[in-house]
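# Remarks on the overall topology
So you can see what is in the structure, the chains are spelled out below.
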Amino acid sequence: MARGIRSRTCEHGRDEEDLSRELAAVTMRLAFLDARDARVESTWRTLEAAARPTYFLTWGWIEAWLVALPREAMPQLVVITDGGVTVAACFLGRRRMFRRNVIPVRARFLNTTGIAHLDELCVEHNRVLCLPGTGLSLAALIELLPRDWDELVLPAVDAGTFDPLAVGGEHQIHVAHEVSAPFVDLSRARAAGDYLSLLSANTRTQLRRARRSVGPCELESARSAAHAFEIYDELVALHTASW
């Protein structure tokens, strides 16, 4: 599932639940790095090697995203350490908005800029990049962040990535959008031996008809970098036409 969560801070007195969250994060420290800092790539790659995240959180994707952004929209890298060891990182975009065209809001955006036309890359399976076993909760992340925001926006996170009920009563959680994310169970398909056998008779018929209409298919491997770019350009044109 993909969901966006907004969290707006409210002024309430500290209670035992607040104190428990503070104690849980007492050994953690948070620092910001400019996205152009030379340490950003090594920090991200080190966490990536241990976390083995989805493609959308690999340095290959992140680097291409950062290079494409204008300087004024560049997010900051949040680096979280525990006992001096880097255990988590994410990028946070910053933007001032108006709710209902009246209420000013200072918003932070997880691994996005918060600017719609720049975020059309459509990040998926979004989350904070963490070392295995770190278990950074949404409550801990909020506790570590400086109080310079009103809303924390978490676009395209999978259901279950954060527990919205664990942030306590001082924050309001709003799920702005929720959609299903179709996928293929590869282990089930491998066990069946034939993926088509898992589909309905009607779907199998449509697939066979589509195959016949396409005609013979050939596998073409790039013979050089120039040839690879030619193939890529053809794919871009095909994708653009169908998109």
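A short tour of the structure in this document, coming up.

Definitions and limits used
- Residues numbered from 1 in each chain as written.
- Predicted model: local features only at pLDDT ≥ 70, side-chain atom pairs only at ≥ 80, totals over all residues.
- Heavy atoms only, no water.
- Patch = residues over 30% accessible without salt bridge, like charges linked within 9 Å, V, L, I, M, F, W, Y side chains within 5 Å.
- Areas by Shrake-Rupley, 256 points an atom, 1.4 Å probe, with all protein chains shown as cover.
- Salt bridge = Lys/Arg side-chain N within 4 Å of Asp/Glu carboxyl O.
- Lys, Arg positive; Asp, Glu negative; His and termini not counted.
- Charge placed at Lys NZ, Arg CZ, Asp CG, Glu CD.
- Helix = DSSP H or I, 4+ residues; strand = E, 2+ residues; numbered from the N terminus.
- Buried < 20%, exposed > 50% of the residue type's maximum accessible area, 1.4 Å probe, protein only.

Right, let's talk about a negative patch on the surface for a bit. Together, Glu218, Glu220, Glu230, Asp233 and Glu234 make up a region of like negative charge exposed at the surface. Among the secondary structure elements, Glu218 is positioned in the loop between helix H6 (201-214) and helix H7 (225-242). For Glu218, a relative accessible area of 80% translates into the label exposed.

Before going further, it helps to spend a moment on the pattern of salt bridges. The final tally for this structure, using the stated rule, is eight salt bridges. Note that Arg36 and Asp34 form a salt bridge whose closest N and O atoms lie 3.1 Å from each other. Relative accessible area serves as the criterion here: at 39%, Asp34 is assigned to the partly exposed category. Measuring nitrogen to oxygen at the nearest pair gives 3.5 Å for the salt bridge that ties Arg108 to Asp148. Of the two residues, Arg108 is situated in strand E5 (residues 103-110) and Asp148 in the loop between helix H4 (138-144) and strand E7 (151-153); the sequence distance between them amounts to 40 residues. On the basis of relative accessible area, Arg108 is assigned to the buried category, the value being 3%. Shared partners join several salt bridges into a network, and the residues in it are Arg94, Arg108 and Asp148.

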